[in-house]
Amino acid sequence: MFKEALRPVWAEINLSNFDYNVKNIKAKMGEGREFIGVIKADGYGHGAVKLAEVLRENDVKTFAIATLHEAIELRDAGAKERIICLGLTPDMYADTIVEYDITPVVCESGNAKAISDAAAAAGKTVEALIAVDTGMGRIGYLADDLDYAVEDVKKISQLSNLKIWGLFSHMATADAYDKTFSHQQEAKYNKFYEALTAAGVEIPTRTLANSASIMEIPSVHFDACRPGIILYGQYPSHEVDKAELDIKPVMEVKANIVHLKDVPVGFSCGYGRKFIAERPSRIATIALGYADGYPRPYSAQAKVIVNGVVCPVAGNICMDQCMIDVTDVPEVKVGDEVIVMGSDGVNTIDADYIADCTGTINYEICCAFGQRLPKVYIR
Ligand SMILES: *Cc1c(COP(=O)(O)O)cnc(C)c1O
């Protein structure tokens, strides 16, 4: 239990493991490449400001986030590094890009002009990434619409107060075993890059690789890589070869038992009475619920570790609390630690397990736990 957490439940963020992952990813990326630390969504729920400090210790000079709020939070915390905003920024927020020296992503010359104009008004120059859609279907110039795109990027390259820093695209299936589509994206990316340079547009930085590509597609490492999920010690899918990269999970979720009771056969727990005791049972309550990112659809398969014993969650997870069947834990008492996600060295409940049980991916599990739980940083 941690006094400053103000709750007997917390996300434990292991900064030594984060540091270990950063170093191994750097080695995997190879020499001379820019490391773009993707710490959007509050560092996938782990706490972007704290993680930025560890990235800084490792000489990482570029961060990527998804929203202006996330960029401002880093700046307010003193970040001097380049901060790329991975989403598009509507014209009306151009002044914020300029004020906080954010590196925007653009894929339309009108939008780029609005940002350049805002920069001119402030006597600054903004550096930007050009987005090309090679197959993600999300944002960017359509790679196949080459003539239009080259003409429009040329207009951007002539803006007075916006400078093109790089060319960016995003992989849709790099984490799949079959890399056919990834190589098609790679080919489109290269073709787009070559068309721009042939048209006289200078592209100092090419960046395409996400975590899965860093692990398995060295031909797209180019000038800069954008590791996300692997920073946090999670693999991008079940299909990647884990032997390609050694990483350690950064987040664990823990709680202390706040309430214990012995109940008779037939006693029920929780909304909908999904748990009914079939034997005289001991039931513990912890103050963790679905509003903390503990998914309600996980209830039937949810398990935790108490004093070395794996115990099932009893009944449906509530918004802010849930119950655990600790009947098989000898001498269990109020205050005992409960591992909700993590390992005691023997048993492990990882983000992948929770994700598999709930039809999602480890990314979402970490993001969700990061929303409301107090974070405790350890090293
Ligand atoms: C989230 C994101 C990344 C990182 O993806 P991972 O799979 O977590 O490595 C990289 N680039 C862009 C554009 C993203 O949105």
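Residues numbered from 1 in each chain as written. Predicted model: local features only at pLDDT ≥ 70, side-chain atom pairs only at ≥ 80, totals over all residues. Heavy atoms only, no water.

Across all of its chains, the model carries 25 salt bridges by this definition. Note that lysine 179 and glutamate 216 form a salt bridge whose closest N and O atoms lie 2.6 Å from each other. Within this pair, whereas lysine 179 is found in the loop between β8 (162-168) and α8 (180-198), its partner glutamate 216 is found in helix α9 (residues 211-216), the two being separated by 37 residues in sequence. Overlapping salt bridges, with partners in common, bring together Arg7, Asp292, Asp320 and Arg372 in one network. (Salt bridge = Lys/Arg side-chain N within 4 Å of Asp/Glu carboxyl O. Helix = DSSP H or I, 4+ residues; strand = E, 2+ residues; numbered from the N terminus.)

On to the packing of aromatic side chains, then. What the rule picks out here adds up to 10 aromatic pairs. The interplanar angle of 25° and the centroid separation of 5.2 Å between the aromatic rings of tyrosine 189 and phenylalanine 222 together place this pair among those described as stacked. One end of the pair, tyrosine 189, is in helix α8; the other, phenylalanine 222, is in the loop between α9 and β10 (224-225), and 33 residues separate them in sequence. Three or more aromatic residues joined by ring pairs form one cluster here, namely Phe18, Tyr44, Tyr232 and Tyr363. Between arginine 82 and the ring centre of tryptophan 165, over which it is positioned, the NZ or CZ distance is 4.0 Å. The ring of tyrosine 20 is capped by lysine 248, whose NZ or CZ atom sits 4.0 Å from the centre of that ring. (Phe/Tyr/Trp six-rings, centres within 6.5 Å; stacked < 30°, edge-to-face > 60°. Lys NZ or Arg CZ within 6 Å of the ring centre and 35° of its normal.)

With 13 residues, helix α6 (residues 109-121) should cover 18 Å at 1.5 Å per step; its first-to-last C-alpha distance of 18 Å lies within 8% of that length. Listed in full, the buried residues belonging to α6 are Ser109, Asn111, Ala112, Ala114, Ile115, Ser116, Ala118 and Ala119. Among the structural elements, α5 (94-99), β5 (102-106), β6 (126-133), β7 (141-142), α7 (146-157) and β8 are those in contact with the buried residues of α6. For α6, the N-terminal cap is glutamate 108; the gap from its side-chain oxygen to the backbone nitrogen of glycine 110 is 2.9 Å. (Expected span 1.5 Å × (residues − 1). Buried < 20%, exposed > 50% of the residue type's maximum accessible area, 1.4 Å probe, protein only. Contact = heavy atoms within 4.5 Å. Polar contact = N/O pair within 3.5 Å; in protein donor to acceptor, adjacent residues only side chain to side chain.)

Domain parsing of the chain yields domain 1 (15-235) and domain 2 (251-349). Each of domain 1 and domain 2 was reduced to a C-alpha centroid, and the two centroids are 42 Å apart. (Domains from an automatic or database assignment.)

Another point: the pairing of strand β4 (residues 82-88). For β4, the buried fraction is high: five of the seven residues fall into the buried class. Strand direction decides the pairing type here: strand β3 (residues 62-65) and β4, joined by four bridges, are parallel. Looking at the pairing, phenylalanine 63 lines up with isoleucine 83 of β4. As for the winding sense of the linkage, the β-α-β connection from β3 through helix α4 (residues 68-76) to β4 is right-handed. (Pairing = 2+ DSSP bridges. Right-handed = clockwise from strand over helix to strand, strands pointing away.)

Turning our attention to the packing of helix α1 (residues 15-29) against helix α3 (residues 48-57). At a closest axis distance of 10 Å, the pairing of α1 and α3 adopts a crossing angle of 45°. Classified by the interaxial angle, the pair formed by α1 and α3 is oblique. Handedness of the crossing formed by α1 with α3: right-handed. Of the residues in α3, those touching α1 at Leu15, Phe18, Asp19 and Val22 are Lys50, Leu51, Val54 and Leu55. Looking at the contact of α1 with α3 residue by residue, the class counts come to six nonpolar, no polar and two charged. (Axes fitted to C-alpha atoms, helices over the stretch in contact; angles between N-to-C directions. Parallel < 35°, antiparallel > 145°, perpendicular 65-115°, else oblique. Left-handed = near helix turned anticlockwise from the far one by under 90°. Nonpolar A, V, L, I, M, F, W, Y, C, P; charged D, E, K, R; others polar.)

This part is about the side chain of aspartate 352. Note on placement: aspartate 352 falls in helix α10 (residues 351-358). Each residue touching aspartate 352, except ones within four places of it in the same chain, is listed here: Gln234, His238 and Asn362.

Our next topic: the sheet that holds strand β18 (residues 322-325). Strand order in the open sheet formed by three strands is β12-β15-β18, with antiparallel pairing between adjacent strands. The open sheet has two free edges, formed respectively by β12 (259-263) and β18, since each of these has just one partner strand. Taken pair by pair, the neighbouring strands of this sheet meet at an average axis angle of 30°, ignoring direction. With four bridges connecting them, strand β15 (residues 281-286) and β18 associate as antiparallel partners.

When a protein is soluble and globular, its nonpolar side chains tend to lie buried together. Counting 122 residues, the largest nonpolar core has Tyr294 and Phe369 as the members making the most contacts within it. Looking at this core, you find at least three residues from each of domain 1 (15-235) and domain 2 (251-349). Counting residues in each nonpolar core, the second largest holds eight residues, with Val263, Cys269, Phe275 and Ala277 among its members. (Core = buried A, V, L, I, M, F, W, Y, C linked by side-chain atoms within 4.5 Å.)

All right, on to the pairing of strand β19 (residues 337-343) then. The buried fraction of β19 amounts to five of the seven residues, a majority that puts the element mostly inside the structure. Alignment of strand β11 (residues 251-256) against β19, held across four bridges, turns out to be antiparallel. Its bridge partner lying in β19, lysine 254 is registered against isoleucine 339. Bridge analysis of β19 against strand β20 (residues 348-349) gives two bridges, and the strand direction is antiparallel. Bridging from a neighbouring strand, serine 343 pairs with threonine 348 of β20.

With respect to the helices and strands, the residue alanine 64 is situated in strand β3. Considered as a pair, alanine 64 and isoleucine 39 are 25 residues apart in the sequence and their alpha carbons are 5.9 Å apart. Setting aside its immediate chain neighbours within four residues, alanine 64 contacts Ile36, Gly37, Val38, Ile39, Lys40, Ile84 and Leu86.

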